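Here are the chains, one letter per residue:
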Amino acid sequence: MDENTILLEKLKSEFQDTVIRELLPGILHNFANPLNGIMGRSRLLQKRAAEVLGPDGKGADNRPSDAARGKMLRDIDLIVEQGDRFYELFAQVSGKMQRINDMRQGPVNLSELAAAEVDFLDFYLDFKHSIEKHVNLTMDVPRVDGVVADYSLALSAILRYAMKSMLDCPVRILSVFSDYDSTFVSIVISDTGVHDEGLAGDIETASAGQAPANDHCGIVDAVKLLKKYDARVTLDTNADINKITISVPHDEK
């Protein structure tokens, strides 16, 4: 296997290692909330329908009161709402699985991909319940060339690293935004965490196509994988804010 394939498989393996230990509890937790809502409201609706319609399927005058009708309609609305939420969560999980296995070469909207990756972080319970999230992505950015699996695994590795860097910090804020100019589409990931010593230098070394000292839990492997698209990755720290900028060249005029 060539180096890029090895990097891709390594990042995929690192992601898969988190599934049972970190992701599965979050997936079950997130799925349980709308499912409990659907089940609870379904039982209420069943009870109210029986009260309104009577044991023989007909009410006293076959006309439920306005109050009873309103409660039943509200139950139906909430069931539909929670059903939509359940489907959305299911789509987030299935979408992630599709992205990490999508090896087709083609145009990629990095803002759309980043939005999906940030949404997926909610399945990590530490992220969902303890980290404040700010997302401001420009969706109509020029598309970049590449393989979706490469970008998905690289972005998720960088986001997870930023997330974990904040878990022992009193202030936990993750910000993600995108921008572009005539040459590059950029995704900027800012966090209030504590990063490994030497990380900025290793990112700079990997971004230049050279061998860094450490991979820092996959983030440097992500930088090395993005290098195949001539991406530039930098890490700057200023006033307790760490800013990782990923800039990928595009050909759109």
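This section reports on the structure supplied with the text.

Each value, and the rule that gives it
- Residues numbered from 1 in each chain as written.
- Predicted model: local features only at pLDDT ≥ 70, side-chain atom pairs only at ≥ 80, totals over all residues.
- Heavy atoms only, no water.
- 1 Å grid on protein atoms, 1.4 Å probe; cavity = no way out; pocket = protein on both sides within 12 Å on 5 of 7 lines; lining within 4 Å.
- Points joined across faces, edges and corners; volume = space filled by probe spheres on them.
- Helix = DSSP H or I, 4+ residues; strand = E, 2+ residues; numbered from the N terminus.
- Nonpolar A, V, L, I, M, F, W, Y, C, P; charged D, E, K, R; others polar.
- Core = buried A, V, L, I, M, F, W, Y, C linked by side-chain atoms within 4.5 Å.
- Buried < 20%, exposed > 50% of the residue type's maximum accessible area, 1.4 Å probe, protein only.
- Contact = heavy atoms within 4.5 Å.
- Pairing = 2+ DSSP bridges.
- Axes fitted to C-alpha atoms, helices over the stretch in contact; angles between N-to-C directions.

Description of the layout of surface pockets
- Roughly 210 Å³ of volume is contained in the largest pocket.
- For the largest pocket, the full set of lining residues is E14, D17, T18, R21, A157, R160, Y161, K164, S165 and C217.
- The set of elements that each furnish at least two residues to the lining of the largest pocket consists of α1 (3-53) and α5 (148-165).
- With 5 residues, the single largest contributor to the lining of the largest pocket is α5.
- Partitioned by chemical class, the residues of the lining of the largest pocket number 3 nonpolar, 2 polar and 5 charged.

Side note on the nonpolar core
- Grouped together as the largest cluster of nonpolar side chains are 60 residues, with contacts concentrated most on L110, Y151, L174, I189 and I246.
- Per element, the largest residue contribution to this core is 12 residues, and it comes from α5.
- Setting aside its immediate chain neighbours within four residues, L174 contacts L121, F127, I131, E132, K133, H134, L159, A162, M166, I189, S190 and D191.

Here's the deal with the sheet that holds strand β6 (residues 232-238)
- With mixed pairing, 5 strands are arranged side by side in an open sheet as β2-β4-β5-β7-β6. Looking at strand neighbours, the two that pair on one side only are β2 (132-136) and β6, the edges of this open sheet. Here the strands of the sheet are splayed against their neighbours by 15° on average, with no regard to which way each runs.
- Across 5 bridges, the pairing between β2 and strand β4 (residues 173-180) is parallel. Note on β4: the bridge partner recorded for K133 is L174.
- Lying over the sheet, helix α3 (residues 110-120) contacts β2, β4, β5 (184-191) and β7 (241-249), oriented at roughly 25° with respect to β5.
- The sheet strands contacting α5 are β4, β5 and β7, and the helix crosses β5 at an angle near 25°.

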